Amino acid sequence: MTTLTRSPARAGAGVRPRSSLGTRPLLRWGGIDWWLMVAVAGLLVLGTLLVWSATTTRDDLTGGDPRAYLYKQVTNITIGLVLMAVVLVSDHRWVRIAAPLAYLASVAGLVLVLVAGSTINGSRSWIVVGGMSIQPAELAKLAVVIGMALVLAHRATGRWRPRVGLVEVVLMLAIAAVPAVLILLQPDLGTMLVLTATVTGVLAVSGAPRRWLALLAGGGVTAAVAAVAGGVLKPYQVDRFLAFTNPDLDPRGAGYNVEQARIAVGNGGLFGQGLFEGSQTRSGFVPEQHTDFVFTVAGEELGLLGAGLLIALLGVVVWRALAIAMSTDDVFGRVAAAGIACWFGFQGFQNIGMCLGIMPVTGVPLPFVSYGGSSMFAGLLAIGLLQNIRLRATDRTVG
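Residues numbered from 1 in each chain as written. Predicted model: local features only at pLDDT ≥ 70, side-chain atom pairs only at ≥ 80, totals over all residues. Heavy atoms only, no water.

## A few points about the packing of aromatic side chains
Okay, step 1: For the coordinates displayed, the defined rule picks out five aromatic pairs.
Okay, step 2: Here the aromatic rings of Tyr69 and Tyr371 are separated by 4.8 Å at their centres, their planes lie at 65°, and the arrangement is edge-to-face. Of this pair, Tyr69 sits in helix α4 (residues 68-89) while Tyr371 is found in the loop between α15 (331-356) and α16 (373-398), placing the two residues 302 residues apart along the sequence.
Okay, step 3: Where Trp343 meets Phe344, the ring centres are 4.8 Å apart and the plane angle is 40°; that geometry is what we call tilted.
Okay, step 4: Connected via pairs of aromatic rings, a cluster forms that spans Trp343, Phe344 and Phe368.
Okay, step 5: Seen from the ring of Trp319, Arg320 lies directly overhead, with NZ or CZ sitting 4.6 Å from the centre. (Phe/Tyr/Trp six-rings, centres within 6.5 Å; stacked < 30°, edge-to-face > 60°. Helix = DSSP H or I, 4+ residues; strand = E, 2+ residues; numbered from the N terminus. Lys NZ or Arg CZ within 6 Å of the ring centre and 35° of its normal.)

In structure tokens:
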């Protein structure tokens, strides 16, 4: 299994890695990963336009104000950018100290959802406070990544490269298991799939033995079968999987979303019908088009070129996250950055795949593009952490 490590020559001959609780990273603009920032900025701009286009004619959503979701999306982005900036400029040691608190807060939020949450679209996943809805499961993705990274960093104290054995694997899985069980009880199948892929990716890049990865994969399949057989999943979720295998099975029911999404994307051709001009989008045929199916707006209105640009920008984000993971000799930073790359990569693939009919409909947002405050906050917090890790690596190189 290939792991994300650096050679001694690359780390610097004769240079012993410092403790991850070292000096505060200097905020040098030259240390910022500008490829990452430009890619995220491009996704935010595209996402804002696509959400606005998807909602401008939806009076049932906007209350008659065609700019309502434009303002809401800009507000979400603004709050997310503030959160990103706070993490970006924070001392690395405070990021490490805050990691357990973030994990405990996410678990508490998931418990609160089960006790007093609101059911939306068949899943009890939201906490509604006034006019704002919060989805703790989105923030739990980041919390699990940093929790697993913290465990591995603690176990690797005194060693530059962690030794991942049975104890480390069990501890990392235990960190992921608590949120995973709570998410499954909602049930939020989409987030559960993303979390499973992220955890598997973290274990793989951490250097876990292949036999443990094989056992994890087998356990995941067994758990999925047990969830279906035990009635944990709702009937509509099972129907979505059946519709994925055969969209014509129920074209007006479970297969409706996929069928309409395919039509919308197919309407775009090479150059698209033009922003705010998509026929399927104007008519409101695609359900949840400003959230889970926002990619269909890109396909219909911006065409293959515009949708391809969106995919390319998301690819740049994943690439830079992996590059940051490779650039640092800090175990916590390396594992956290690789975990974030796995999270964004699989979630983007899952969202776009369900819009194209090559993945089952599970209701996950497209990172930085779909409407939704919780998803936006979690994503931009992760970008802030990536930049913090990058600055830390740059600080070590210069220092």
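## Concerning the pattern of salt bridges
Any two side chains of opposite charge can pair, so long as their charged atoms come close to each other.
Okay, step 1: Enumeration over the complete set of coordinates arrives at four salt bridges.
Okay, step 2: Between Glu138 and Lys141 there is a salt bridge, with its nearest N and O atoms 3.0 Å apart. In this pair, Glu138 and Lys141 are both assigned in helix α6 (residues 136-155), three residues apart and thus about one turn of the helix distant. The same class applies to Glu138 and to Lys141, which are both buried.
Okay, step 3: Here Glu301 ties to Arg282 by a salt bridge, and the two come within 3.6 Å at their closest N and O atoms. With a gap of 19 residues between them, Glu301 in helix α13 (residues 294-301) and Arg282 in helix α12 (residues 279-283) connect regions that are remote in the sequence.
Okay, step 4: Taking relative accessible area as the criterion, Glu301 reaches 1% and is therefore assigned buried.
Okay, step 5: Arg282 sits in the partly exposed class, given a relative accessible area of 23%. (Salt bridge = Lys/Arg side-chain N within 4 Å of Asp/Glu carboxyl O. Buried < 20%, exposed > 50% of the residue type's maximum accessible area, 1.4 Å probe, protein only.)

## Structural notes on empty space enclosed by the protein
Okay, step 1: Under the defined criterion, the tally for this structure stands at two cavities of 30 Å³ or more.
Okay, step 2: Estimates place the volume of the second largest cavity at around 50 Å³.
Okay, step 3: Taken together, Glu138, Trp343, Phe344, Gln347, Pro367, Phe368, Ser375, Met376, Ala378 and Gly379 form the lining of the second largest cavity.
Okay, step 4: When contributions to the lining of the second largest cavity are tallied by element, the ones reaching two or more residues are α15 and α16.
Okay, step 5: Ranked by residue count, the leading element in the lining of the second largest cavity is α16, at four residues.
Okay, step 6: Of the residues contributing to the lining of the second largest cavity, the split by class is six nonpolar, three polar and one charged. (1 Å grid on protein atoms, 1.4 Å probe; cavity = no way out; pocket = protein on both sides within 12 Å on 5 of 7 lines; lining within 4 Å. Points joined across faces, edges and corners; volume = space filled by probe spheres on them. Nonpolar A, V, L, I, M, F, W, Y, C, P; charged D, E, K, R; others polar.)

Fair warning: the whole summary comes from geometry, so function is off the table for now.
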